[in-house]
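Structure at a glance
Spelled out from the first residue to the last, the chains are:
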Amino acid sequence: MKCKHCKYPNKEGWFYCRSCGKKANESKFTTNMYMGSDVGKRSDIEFSVVDSDTHMKNLEKQRQAKHNKYWKEKINAIR
Ligand SMILES: [Zn+2]
């Protein structure tokens, strides 16, 4: 991607040109990109936290169920 004003190479995708200081791309495009990535990142974090939390709870439930089953079988075996 290059600056639309001075054609300075904008490899890192800066919103503003490093050379002339103007917006390197169409404002609509960059605003959408910025909004999309910002919201996307935030919801990603929230979702991953919720997901890992419920995931951990489910794992704990599964472990306890296995644990209870194991000891029930052990007790039955002894009897
Ligand atoms: Zn420029």
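Description of the structure in this document. (Residues numbered from 1 in each chain as written. Predicted model: local features only at pLDDT ≥ 70, side-chain atom pairs only at ≥ 80, totals over all residues.)

**Regarding the environment of Cys3**
By secondary structure assignment, the location of Cys3 is in the segment before helix H1 (27-78). Since 20 C-beta atoms lie within 10 Å of it, Cys3 is described here as buried. Taking the C-alpha atoms as reference points, Cys3 and Tyr16, separated by 13 residues in sequence, lie 8.4 Å from one another. Discounting chain neighbours no more than four positions away, the residues touching Cys3 are Tyr8, Asn10, Cys17, Ser19, Cys20 and Ala24. (Helix = DSSP H or I, 4+ residues; strand = E, 2+ residues; numbered from the N terminus. Buried ≥ 20, exposed ≤ 12 C-beta atoms within 10 Å, placed from the backbone. Contact = placed C-beta atoms within 7 Å.)

**What to know about unusual backbone geometry**
A positive phi is found at Lys7, a non-glycine position, where the angle reads about 65°. Topologically, Lys7 is positioned in the segment before H1. With 11 C-beta atoms counted inside 10 Å, the residue Lys7 sits in the exposed group.

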